[in-house]
Amino acid sequence: MEPLPYVSTTNACKLCGPLGACLAFRGVEGAVPMLHGSQGCATYMRRYIISHFREPMDIASSALGEKHAVYGGGANLKQGLKNVMTKFGARLIGIATTCLTETIGEDVPMIVEEFRREIRRKGGEEPPAFVSVRTPSYSGTHMEGFHGAVRAVVEQLAGEGHAARMLNLLPGFLSPEDLRHLKEILAAFRCAATILPDISMTLDGPALDDYPKIPGGGTPIEDIWRMGGAGATFELGRTLHGDPQSTGKLLKERFEVALHSMGVPIGLRETDTFFGALEQLTGMERSPRFAMERGRLVDSYVDAHKYLFGKRAVVYGEEDLAVGLTAFLAEVGITPVLCATGGRSGRFRSAVEQVTADILPEAPAVGEGMDFRQIEEQAEILSPDIMIGHSKGYSIARKLGIPLVRVGFPIHDRFGGQRTLHVGYRGTQSLLDRIVNGLIEGNQNNSPVGYGYM
Ligand code: SF4
């Protein structure tokens, strides 16, 4: 794609690195995410996360001010850790750096180690686990922060263990509903798995009489300790395959856990790959329930074809989700005319090409490191019939007068973003229905007569 004649970012198609890290830390049992930086960063992230998940979200902060930019923030970080230990009783404190602390070059692991030694010297209680990750937001996205935090948890906590679970599942950033569905599938295969991170409860729990300081749920720390003893790791996300820093690769290199890399299971083919891998791992066939869901999905592909064939879509968002959506759209007859992401992994284009190679006559246009101004300019040229992505694309869809099917994160202008199901045959079915209905509704809205078959 041709470079555009300006350099500033206008409405980024990505979020901030430590925000992704906080989401990942929130998926560990008993964990409290903490930012080493100014309070404003934590406030922004809390607000963003709460308006999608509609759950309380504590993010602690070392609350640096101007003078710490000159003299360093080590003392504040230690005080902040003390406060979190006293106030929350956390089992794990996940510390992410912000732009400020990365710019001044804070050595967080060294400060944390010093803090741990000080506690022991004073004969205090054994401190919780501390996991730190570097998340300079000026050079990365929320997904890099997310994956970096998952890797840091494994790197700093995992061991071999004896009572190993059969499977490590690294799902990437999926919705709580997605994770619940994946658990249902694993249970049907009687497959004991460590899912890291697991935000299915921590970011979508039940109403309670008393507000818990730390929500229930999340990946048990004891399970993380034993991840090196698992029989296999499934790592979801095609752009992670070529990433030398992926957590799956770390588990393979350090503990020789067999790694199965696959796409996010959206669409028939990617979901078949996921089920096929589970069948191979467990030696069991899928239950009739899932075979029936697959059969219904195929039937609905046939039924939907007249609405979808030849339609043009702009897909945008997190790289691996956008690749999964592209794989799905191509197989139902929609042409993805632009696949856009704010990420710059360098692996997005090849992943899009892989999932469309034997279906589409030519690969879709791909944009890495894009902002919404660039997406808008491209969309105006490409004349799509539909946009598929999160809420930040709303103004473009409105301007173009086309439907927007909301998926991924953040979904701020609709209710239930955390309960959006994207994965498996059932998630694909739900996406298909929403896309077909979005197109029908768009036609009705744009038609002078609307619809008369009542
Ligand atoms: S981009 Fe940097 S300054 Fe802005 S909220 Fe994120 S960490 Fe803080």
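The residue numbering used here restarts from 1 in each chain and proceeds along that chain's sequence as written. Selection of residues for local features in this predicted model requires a pLDDT of at least 70, selection of side-chain atom pairs for listing and counting requires 80 or more, and totals for whole chains, interfaces and linings are taken over all residues. To get the side-chain values, take all heavy atoms of the structure and skip hydrogens and water.

**Student:** What exactly am I supposed to notice about the nonpolar core here?
**Tutor:** Grouped burial of nonpolar side chains is what soluble globular proteins tend to show. We call a set of buried residues a nonpolar core when its members are Ala, Val, Leu, Ile, Met, Phe, Trp, Tyr or Cys and they connect through side-chain atoms within 4.5 Å of each other. Burial classification: accessible surface area is computed with a 1.4 Å probe over protein chains only, and a residue below 20% of its type maximum counts as buried, one above 50% as exposed, and the rest as partly exposed. Formed by 102 residues in total, the largest nonpolar core has its most connected members in F274 and I435. Two residues qualify as a contact provided that any one of their heavy atoms is within 4.5 Å of a heavy atom in the partner residue. Excluding residues that lie within four positions of it along the chain, F274 makes contacts with L169, L182, I185, F234, L236, M262 and P265. By size, the runner-up hydrophobic cluster in this structure holds 17 residues, among which are L77, V84, I95 and V108.

**Student:** What should I look at first to understand the site of the ligand in this one?
**Tutor:** Nearness is defined per residue: one heavy atom within 4 Å of the molecule or strand is enough. Every residue near the ligand is listed here: C16, P18, C41, Y44, T98, C99 and S137. Under the grouping applied here, Gly and all other residues not named as nonpolar or charged are polar, the nonpolar ones being Ala, Val, Leu, Ile, Met, Phe, Trp, Tyr, Cys and Pro and the charged ones Asp, Glu, Lys and Arg. Residue composition of the shell around the ligand, grouped by class: five nonpolar, two polar and no charged.

**Student:** Is there a simple way to think about the packing of helix α12 (residues 288-308) against helix α17 (residues 424-446) in this case?
**Tutor:** The relative placement of two packed helices comes down to the angle between their axes together with the axis-to-axis distance. Relative to each other, α12 and α17 sit at 20°, their axes nearing to 9 Å. Taken together, α12 and α17 sit at an angle that is classed as roughly parallel. For the element pair α12 and α17, the recorded crossing hand is left-handed. Of the residues in α17, those touching α12 at R289, F290, E293, R294, R296, L297, S300, Y301, A304, Y307 and L308 are Y425, R426, T428, Q429, L432, I435, V436, L439 and I440. Residues of the contact of α12 with α17, tallied by class, amount to 12 nonpolar, three polar and five charged. Under this scheme, a helix contributes an axis fitted over its contacting stretch, all axes are lines through C-alpha atoms, and angles between N-to-C directions fall in the 0 to 180 degree range. Starting at the N terminus, helices and strands are each numbered in turn, a helix being any DSSP run of H or I of at least four residues and a strand any DSSP run of E of at least two. Just so you know how the angles are binned, under 35 degrees is roughly parallel, over 145 roughly antiparallel, 65 to 115 roughly perpendicular, and the rest oblique. In this scheme the crossing of two helices becomes right-handed for a clockwise turn of the near helix relative to the far one and left-handed for an anticlockwise turn of less than a right angle.

**Student:** Would you mind showing me how to read the environment of I334 here?
**Tutor:** Mapped onto the fold, I334 is located in the loop between α13 (319-332) and β10 (335-340). Sequence-wise, I334 and R134 are 200 residues apart; in three dimensions their C-alpha atoms are separated by 39 Å. What I334 contacts, discounting residues up to four positions off in sequence, is L308, K311, R312, A313, L329 and I435.

**Student:** Explain the pattern of salt bridges here, please?
**Tutor:** A pair can form between side chains of opposite charge whenever their charged atoms are brought close. Each reported salt bridge corresponds to a side-chain nitrogen of Lys or Arg within 4 Å of a carboxyl oxygen of Asp or Glu. For the structure on display, the rule yields 25 salt bridges. Note that R373 is salt-bridged to E377, the shortest N-O span being 3.4 Å. Pair noted here: R373 and E377 are both in helix α15 (residues 372-382), with a separation of four residues, about one helical turn. Here R373 falls in the partly exposed class, since its relative accessible area comes to 37%. Where E380 meets K399, a salt bridge forms, and the shortest distance between an N and an O atom there is 3.5 Å.

**Student:** Hey, could you run me through a positive patch on the surface in this one?
**Tutor:** Like-charged residues within 9 Å of one another, or nonpolar side chains (Val, Leu, Ile, Met, Phe, Trp, Tyr) within 5 Å, are grouped into patches, provided each residue has over 30% relative accessible area and no salt bridge. The accessible surface values rely on the Shrake-Rupley method and a 1.4 Å probe; as for residues, cover is taken only from the protein chains in view. Only four residue types enter the charge count: Lys and Arg as positive, Asp and Glu as negative, with His and the chain ends excluded. Lysine's charge is taken at NZ, arginine's at CZ, aspartate's at CG and glutamate's at CD. There is a patch of like positive charges on the surface, built from K82, R117, R121 and K122. With respect to the helices, strands and loops of the structure, R117 is situated in helix α6 (residues 108-121).

**Student:** In this structure, what is going on with the domain arrangement of the protein chain? I would like to understand it.
**Tutor:** It is common to give the size of an interface as the accessible area that goes away when the parts come together. Those domain boundaries reflect an automatic or database domain assignment. Looking at the protein chain, the domain boundaries give domain 1 (17-155), domain 2 (167-205 + 213-282) and domain 3 (288-446). Taken over C-alpha atoms, the centre of domain 1 sits 24 Å from the centre of domain 2. Contacts between the two partners involve 29 residues from domain 1, matched on the other side by 32 residues from domain 2. Each of two parts loses accessible area, computed with a 1.4 Å probe, when they are put together; buried area is these two losses added. Approximately 2,500 Å² of surface area, both sides summed, lies buried where domain 1 meets domain 2, with 66% of it carried by carbon and sulfur atoms. With a closest N to O distance of 2.9 Å, R91 and E222 form a salt bridge. Residue assignment for the side of domain 1 that touches domain 2 shows that the elements contributing at least two residues are α1 (17-25), β1 (31-36), α2 (39-53), α4 (74-88) and α7 (142-157). No other element matches α7, which puts nine residues into the side of domain 1 that touches domain 2.

**Student:** What's the story with the sheet that holds strand β9 (residues 312-316) in this structure? I'm lost.
**Tutor:** To summarise the sheet geometry, strands pair through backbone hydrogen bonds and adopt either a parallel or an antiparallel arrangement. Strands were regarded as paired on the criterion that DSSP finds at least two bridges between them. Sheet architecture is open: five strands sit in the order β11-β10-β9-β12-β13, paired in parallel fashion. Of all strands in the sheet, those bounded by a partner on one side alone are β11 (365-367) and β13 (404-406). Between one strand and the next, the sheet's axes are offset by a mean angle of 20°, whatever the strand orientation. Where strand β12 (residues 386-389) lies against β13, three bridges are found, and the strand directions are parallel.

**Student:** Would you explain the side chain of T356 in this entry?
**Tutor:** If you trace the backbone, T356 turns up in helix α14 (residues 348-356). Judged by its relative accessible area of 1%, T356 falls in the buried class.

**Student:** I would appreciate a short explanation of the pairing of strand β3 (residues 92-97) in the present structure.
**Tutor:** Residues in a regular strand project their side chains so that they alternate between the two faces of the sheet. Of all the six residues making up β3, six are buried; the element is thus mostly covered by neighbouring parts of the structure. Neither face of β3 is open: one carries L92, G94 and A96, the other I93, I95 and T97, and all of them are buried. As defined by bridge partners, β1 adjoins β3 across six bridges and the pair is classed as parallel. The partner of A31 across the bridge, within β3, is L92.

**Student:** I tried to follow the sheet that holds strand β6 (residues 193-195) on my own but got confused; where do I start?
**Tutor:** With parallel pairing, four strands are arranged side by side in an open sheet as β6-β5-β7-β8. Whereas interior strands pair on both sides, the edge strands pair on one side only; in this sheet they are β6 and β8 (258-262). Between one strand axis and the next, the sheet turns through 20° on average, direction left out of account. Bridge count between strand β5 (residues 167-170) and β6: three bridges; the pairing is parallel.

**Student:** I tried to follow the pairing of β9 on my own but got confused; where do I start?
**Tutor:** Of all the five residues making up β9, four are buried; the element is thus mostly covered by neighbouring parts of the structure. As defined by bridge partners, β9 adjoins β10 across five bridges and the pair is classed as parallel. Along β10, the bridge assignment pairs V314 with L338. The definition of a right-handed crossover adopted here requires that, viewed with the strands pointing away, the path from the first strand over the helix to the second runs clockwise. Following the chain from β9 across α13 to the adjacent parallel β10, one finds a crossover that is right-handed. Two strands pair when backbone bridges link them, and β9 and β12 are joined in this way by three bridges, in the parallel orientation. What sits directly across from V314, in β12, is M387.

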